[in-house]
Amino acid sequence: MMRCDVTRRYRYTVCLVVNLRFYAELNDFLAADRRQRDCALACAADVPVRQLIESCGVPHTEVALILVNGDPVGFDRRLCADDRVAVYPAFLALGLRPPLPAARFVADAHLGALARLMRLAGFDTVYGNRLADAEIERLAEAEGRVVLTRDRDLLKRRAIAHGCHVHAQQPDLQLRETVARLDLARSAQPFSRCLVCNAGLLPVASELVRHTLPERVRDRMDVFHRCPGCQRVYWQGSHWRRMRERLQRALAGVGAATAAAAPAAAQPATASASCSGTFDDACGTSRTTRGTR
């Protein structure tokens, strides 16, 4: 028995020992002496298995399957002495992945480049460089968004049901990792969103926007799309081709390269003229008003 001091009162808490093992990439979250091995851990009898898992450094959003003595259980399962707990990540080949809500995302303040690439690939992705963790948690719960972050503590917040801890550091590799891990290749709709404010682009008649465009664009382009939020106008040009090639490289091997290379006429496009500084000098538009989401 172990005596614990709680609000100036003493009580006796029953402690027990369980056997715990993490598999595959979940070991990346563990201390070196706990990786790829069975560990005997002491815990209180009334602690749910989720708390035990996260106490080892593994966010619950990274877990797809928990087995206790060979039987699948939920995060709220209370443990008994000598229970054997096996914790698995998502294995797409085996169909082991918690069902995602609609493909909507919110990226933390450190993943601005990834957020823009996600929008470039057509995914609804909220981002702000001053977006606080509490607001990310609220958006995830209220709008059913998947949290993208490199902060494991953020993914441990109770209201966040779906998340992805991004391991890669280079933005193109982050996009590839996210699309592969969340099985998003079939959902990609490249060049369908504003890179700045995240709104879906809409076709717009050329006569409505020609007066806002550089002369060389008016003379060469006939097809335009406009953001209903910030009113930026997008068209197909040399930067659009470079971004298409960038998407193809980033998504090569995860099944989305075909989508990124779809016929130009079927996709909204980015610009070939002056740059507004919104994405790698690749988004020339007719306005410079910035969106907030």
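Calculation criteria
Residues numbered from 1 in each chain as written. Predicted model: local features only at pLDDT ≥ 70, side-chain atom pairs only at ≥ 80, totals over all residues. Heavy atoms only, no water. Disulfide = S-S within 2.5 Å. Patch = residues over 30% accessible without salt bridge, like charges linked within 9 Å, V, L, I, M, F, W, Y side chains within 5 Å. Areas by Shrake-Rupley, 256 points an atom, 1.4 Å probe, with all protein chains shown as cover. Salt bridge = Lys/Arg side-chain N within 4 Å of Asp/Glu carboxyl O. Lys, Arg positive; Asp, Glu negative; His and termini not counted. Charge placed at Lys NZ, Arg CZ, Asp CG, Glu CD. Helix = DSSP H or I, 4+ residues; strand = E, 2+ residues; numbered from the N terminus. Buried < 20%, exposed > 50% of the residue type's maximum accessible area, 1.4 Å probe, protein only. Axes fitted to C-alpha atoms, helices over the stretch in contact; angles between N-to-C directions. Parallel < 35°, antiparallel > 145°, perpendicular 65-115°, else oblique. Left-handed = near helix turned anticlockwise from the far one by under 90°. Contact = heavy atoms within 4.5 Å. Nonpolar A, V, L, I, M, F, W, Y, C, P; charged D, E, K, R; others polar.

Trainee: Would you mind going over the state of the cysteines in detail, with residue names and values included?
Mentor: Here the structure, examined in full by the defined rule, presents zero disulfides. The structure places no disulfide on Cys43, whose sulfur is separated from the nearest cysteine sulfur, that of Cys15, by 7.9 Å.

Trainee: Which residues make up a positive patch on the surface, and what are the values?
Mentor: Side chains of Arg216, Arg220, Arg241 and Arg242 sit close together on the surface and give a patch of like positive charge. Secondary structure elements with two or more residues in the positive patch: helix H7 (215–220) and helix H8 (238–251). Examined against the element boundaries, Arg220 turns out to sit in helix H7. The exposed category is assigned to Arg220, whose relative accessible area is 60%.

Trainee: Summarise the packing of helix H2 (residues 112–120) against helix H5 (residues 171–181); cite the residues concerned and give the values.
Mentor: For any two helices packed against each other, the geometry comes down to the angle between their axes and how far apart the axes lie. Running from amino to carboxyl end, H2 crosses H5 at an angle of 55°, the nearest separation of the two axes being 9 Å. When the interaxial angle is binned, H2 and H5 end up oblique. The two elements H2 and H5 cross, and the hand of that crossing is right-handed. Where H2 approaches H5, its residues Ala113, Leu114, Leu117 and Met118 are matched on the opposing element by Pro171, Asp172, Gln174, Leu175 and Thr178. Looking at the contact of H2 with H5 residue by residue, the classes come out as six nonpolar, two polar and one charged.

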